[in-house]
Amino acid sequence: MNLAGRLQQLAWYLAVTAVFLLVSRVLFDLLAGRPPFWSTHDQIVGFLWTCLVGGPFILFALLVAAQAKPSGKQN
């Protein structure tokens, strides 16, 4: 696969990781009965730290899953 295709896949997995982090945080806040994370500066900073720590793990899991079951045509 060419470099442009790989970069496009990486961009897709980064977007999926960001959506996963955002949706999970909103749902966890709703389930816990807390105000949304964007309501205070401290919660926003906490969310960003969580993304910096947890984001690479989620991205790694997505990439490993993609390698385990490749999709599309094989070259």
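Report follows, based on the coordinates. Not measured: the values here are computed from a predicted model. (Residues numbered from 1 in each chain as written. Predicted model: local features only at pLDDT ≥ 70, side-chain atom pairs only at ≥ 80, totals over all residues. Heavy atoms only, no water.)

1. Topic: the side chain of T17
Following the sequence through the fold, T17 ends up in helix α1 (residues 3-32). By relative accessible area, T17 is classed as buried at 6%. Sequence-distant contacts of T17, that is, excluding residues within four places in its chain, are made with G55, I58, L59 and L62. (Helix = DSSP H or I, 4+ residues; strand = E, 2+ residues; numbered from the N terminus. Buried < 20%, exposed > 50% of the residue type's maximum accessible area, 1.4 Å probe, protein only. Contact = heavy atoms within 4.5 Å.)

2. What to know about the pattern of salt bridges
Across all of its chains, the model carries two salt bridges by this definition. When the shortest N-O distance is used, the salt bridge between D29 and R25 registers 3.3 Å. A residue pair is termed a helical-turn pair when its members lie 3 or 4 positions apart in one helix, as D29 and R25 do in helix α1 at four residues. In this pair, the class of D29 matches that of R25, namely buried. One salt bridge connects D29 with R34, and the closest N-O pair in it is separated by 2.7 Å. Taking relative accessible area as the criterion, R34 reaches 43% and is therefore assigned partly exposed. Residues joined in a network through salt bridges with shared partners are R25, D29 and R34. (Salt bridge = Lys/Arg side-chain N within 4 Å of Asp/Glu carboxyl O.)

3. What about the packing of aromatic side chains?
As enumerated under the stated definition, the model contains two aromatic pairs in all. Relative to W38, the ring of F37 lies with its centre 5.2 Å away and its plane at 75°, an arrangement referred to as edge-to-face. Every member of this aromatic cluster is reached through a ring pair, and the members are F37, W38 and F47. (Phe/Tyr/Trp six-rings, centres within 6.5 Å; stacked < 30°, edge-to-face > 60°.)

4. Some remarks on a nonpolar patch on the surface
Together, V45, W49, L52, V53 and F57 give the surface a local cluster of nonpolar side chains, amounting to about 570 Å² of exposed area. V53 gets classed as exposed once you look at its relative accessible area, which sits at 52%. (Patch = residues over 30% accessible without salt bridge, like charges linked within 9 Å, V, L, I, M, F, W, Y side chains within 5 Å. Areas by Shrake-Rupley, 256 points an atom, 1.4 Å probe, with all protein chains shown as cover.)

5. Observations regarding α1
A rise of 1.5 Å per residue sets the reference length of α1, with its 30 residues, at 44 Å; its end C-alpha atoms lie 43 Å apart and thus fit the reference within 8%. Within α1, the full set of buried residues consists of G5, Y13, T17, L21, S24, R25 and D29. Looking one or two residues past α1, G33 carries a phi angle of roughly 75°, positive in sign. (Expected span 1.5 Å × (residues − 1).)

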